[in-house]
Amino acid sequence: MSSPIPLTDLALLHRSLQPQLEAVIQTAMLQGDFVLGGALLDFEIAFARACGSEHGVGVGSGTDAITLGLRACGIGQGDEVLLPANTFVATLIGVLQSGATPVLVDCEPDTALIDLVAAEKAITPRTRAIIPVHLYGQMVSPRQLLDLSSTYDLMIFEDAAQAHLAEREGYRAGSVGMAAAFSFYPSKNLGALGDGGMVVTREAQIAERLRSLRNYGAPCKHYHTEFGVNSRLDTLQAAVLGVKLPHLPHWNRDRLRIAQRYDELLAPLQFAGIQPITNVSGGGHAYHLYVVCVTNACPLERVALQAALESRRVSTGIHYPVPCHLQPAFRYLGYKLGDFPNAERLSHQVLSLPIYPGMTDAQIQRVVGAIEAAVSAPFSVSC
Ligand SMILES: *Cc1c(COP(=O)(O)O)cnc(C)c1O
C-alpha cells in the first residue's frame, strides 16, 4: 500500500529545522519575556522588511490583523469596505469586528480573485476602503488597485494571509496598500506553532496606534486612550517564525516548482474537465494552494473525484465550499443565492491538490495519476 499524500506536510518542515526550533524555544522559556519580548521586536522588523514595508506589528491571528489593522487605519462605523465574496470568512469577520459595513463583490471566473470592474460598480459615497485578498497565493493586480484607489480615493488594505512574499507587476504582497494583514496560522506559507498574525505598514502612526490597540488600548502602561483588546503575537511564536523566515523564499520556490509540474502533467486532462485556476503572475505566485476546477466537462462530480483520490490515499481540500454571502451566520447582511455567480460556481467546482515544500516528483505524479485513473474510468471506482 502506498503511503498517504497529505494536503500539506508540516512535520516534514519542522523535522528539517528541529534543532534550531528547539534551541529558540528553550531560550524563550528561560528568558521569560513571553509577552512583547525581544524576539517579537526582532521578527517584526525582519518580516516587515521582507515584505518591502517599514513597520510590523504582531497580533494574535490573521483575523485580528484585519480587525485591528482596519481600525488603526481609521476605518469603522459608517464606512463601507469592499471585499470579495470568494474568500475565507475571516476577511468578512475582520471587517465586521472593525465596525465597518462589508460590501461583497464577485470574483473573476479564471483567477478567482476579486473582480475590480465589479468592485468599481459597487462604490458609493460611503465607500472608504477595498480589501484585495491575494487568494491562493496570487496577488490582485497592484497597478489596477492603485488606479482604482487614486480615482475614487479608496484606501487599500491587503489581506495577504495566503501570500507571504508573493509578487506581481514589481510589487510585493504587503507593500501595495496603506497596510496589510498576514496570518501565521500553522498551514500558511509561513506558519507558527499555533495562531499568530501581523499587520505591516509604511505609516509610523498606523503602527503606533496598532501597538496600542493590541495592548488594551494603552499607548503606555496603565493609561488607556481608546477601546483596545488583548491580541499580541507571542514572543515564543515570533522566535519560531524568526527561524523559519529565512527559509521562506526557497519554500515558495519549491511550491512554484510543484505547481509548474502540476500544470504540465494536468494539461492533457483539460478535455476531461480538470481546469487549473489561472496564474497571471508567473513566478510571483506564492502557491499557498494549488487549485483546480472540476468543471461540467468532467465525467465525475467533485465529491466523487475527491472520494476516488482518497481511496488512493491522496488528500484534497475545498477552498471554499460555501461563499461568504451564503453562510448562515451572515444571512442578516441580506445577500441571496445568485448574487455572485462566479463565486458560487467556484464554490461547487474548486478542489485543492496537495502542495508543500519537499513534495517529491513521484508524489506529484501519483496525485495526477490518481486523477487520470478516476476521470478515465469513472464507473470502475469502488467506494
Ligand atoms: C487564514 C486566513 C485569514 C485568517 O487568518 P487566521 O490567522 O486564521 O485568523 C484571513 N484571510 C485569509 C484569506 C486567510 O486565508
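Under an unreviewed UniProt entry, the protein has the name DegT/DnrJ/EryC1/StrS aminotransferase family protein and belongs to Thermoleptolyngbya sichuanensis A183. Regarding the protein, the UniProt comment filed under Sequence similarities (unreviewed entry) reads as follows: "Belongs to the DegT/DnrJ/EryC1 family."

1. Some thoughts on the overall build of the protein
Across its full length, the protein holds 13 helices and twelve strands. Here the protein has a C-alpha radius of gyration of 21 Å; the compact-globule value for 383 residues is 21 Å, and the two agree. By its C-alpha atoms, the protein is 70 × 55 × 40 Å across when sized along the principal axes. Burial analysis of the protein (383 residues in total) assigns 54% to the buried set. Residue pairs at least 24 apart in sequence account for 72% of intrachain contacts in the protein once pairs closer than 6 positions are excluded. Accessible area of the protein: about 16200 Å², with a carbon and sulfur share of 54%. Looking at the protein, you have 28 positive and 34 negative side-chain charges, and the mean spots of the two groups are 3 Å apart.

2. Overview of the side chain of Asp159
Its place among the elements puts Asp159 in strand E5 (residues 155-159). Among the polar contacts made by the side chain of Asp159, one reaches the side chain of Thr91 at a distance of 2.9 Å. One polar contact links the side chain of Asp159 to the main-chain amide nitrogen of Ala161, over a distance of 3.1 Å. Not counting residues within four places of it along the chain, the set of residues in contact with Asp159 comprises Ile66, Thr91, Ile131, Pro132, Val133, His134 and Ala181.

3. A short note on the site of the ligand
If you check the shell around the ligand, you find 14 residues, and the closest are Gly62, Thr63, Asp159, Ser183 and Lys188. In this structure, an oxygen atom belonging to the ligand sits 2.5 Å away from a side-chain N or O atom of Thr63. The side chain of Gln162 places a nitrogen or oxygen atom 2.8 Å from an oxygen atom of the ligand. In a pocket analysis with a 2 Å cut-off to the grid points, the ligand is assigned to the largest pocket.

4. Let's talk about the sheet that holds strand E3 (residues 101-105)
Taken together, seven strands build an open sheet; the order of strands is E1-E9-E8-E5-E4-E2-E3 and the sheet is mixed. Across the chains shown, the open sheet's two edge strands, defined by having one partner strand only, are strand E1 (55-59) and E3. Pairwise comparison of adjacent strand axes, ignoring direction, gives a mean angle of 25° for this sheet. Two elements, strand E2 (residues 80-84) and E3, share five bridges in a ladder whose sense is parallel. Counted as the bridge partner of Leu82 is Val103 from E3. With respect to the sheet, helix H3 (residues 38-50) is in contact with E1, strand E8 (179-183) and strand E9 (197-201), its orientation differing from that of E1 by roughly 130°. Together, E1, E5, E8 and E9 form the strand contacts of helix H4 (residues 62-72), whose direction differs from that of E8 by roughly 165°.

5. Overview of empty space enclosed by the protein
Across all of its chains, the model carries two cavities of 30 Å³ or more by this definition. The wall of the largest cavity is formed by 15 residues, among which Leu10, Leu13, Lys188, Asn189 and Arg255 lie closest to the centre. Taken together, the elements giving at least two residues each to the lining of the largest cavity come down to helix H1 (10-16) and helix H10 (248-266). Class assignment of the residues belonging to the lining of the largest cavity gives a composition of seven nonpolar, four polar and four charged. Two domains share the lining of the largest cavity, each providing at least three of its residues, namely domain 1 (10-246) and domain 2 (248-382). Size it by volume and the second largest cavity reaches roughly 50 Å³. What lines the second largest cavity is Tyr136, Ile277, His285, Tyr287, Leu289, Tyr290 and Val291. Within the lining of the second largest cavity, the residues separate by chemical class into six nonpolar, one polar and no charged.

Cut-offs applied
Residues numbered from 1 in each chain as written. Predicted model: local features only at pLDDT ≥ 70, side-chain atom pairs only at ≥ 80, totals over all residues. Heavy atoms only, no water. UniProt positions renumbered as here; feature names shortened; annotations may be inferred. Helix = DSSP H or I, 4+ residues; strand = E, 2+ residues; numbered from the N terminus. Rg over C-alpha atoms; globule rule 2.2 N^0.38 Å. Buried < 20%, exposed > 50% of the residue type's maximum accessible area, 1.4 Å probe, protein only. Contact = heavy atoms within 4.5 Å. Areas by Shrake-Rupley, 256 points an atom, 1.4 Å probe, with all protein chains shown as cover. Lys, Arg positive; Asp, Glu negative; His and termini not counted. Charge placed at Lys NZ, Arg CZ, Asp CG, Glu CD. Polar contact = N/O pair within 3.5 Å; in protein donor to acceptor, adjacent residues only side chain to side chain. Near = heavy atom within 4 Å. 1 Å grid on protein atoms, 1.4 Å probe; cavity = no way out; pocket = protein on both sides within 12 Å on 5 of 7 lines; lining within 4 Å. Sits in = over half its atoms within 2 Å of the grid points. Pairing = 2+ DSSP bridges. Axes fitted to C-alpha atoms, helices over the stretch in contact; angles between N-to-C directions. Points joined across faces, edges and corners; volume = space filled by probe spheres on them. Nonpolar A, V, L, I, M, F, W, Y, C, P; charged D, E, K, R; others polar. Domains from an automatic or database assignment.

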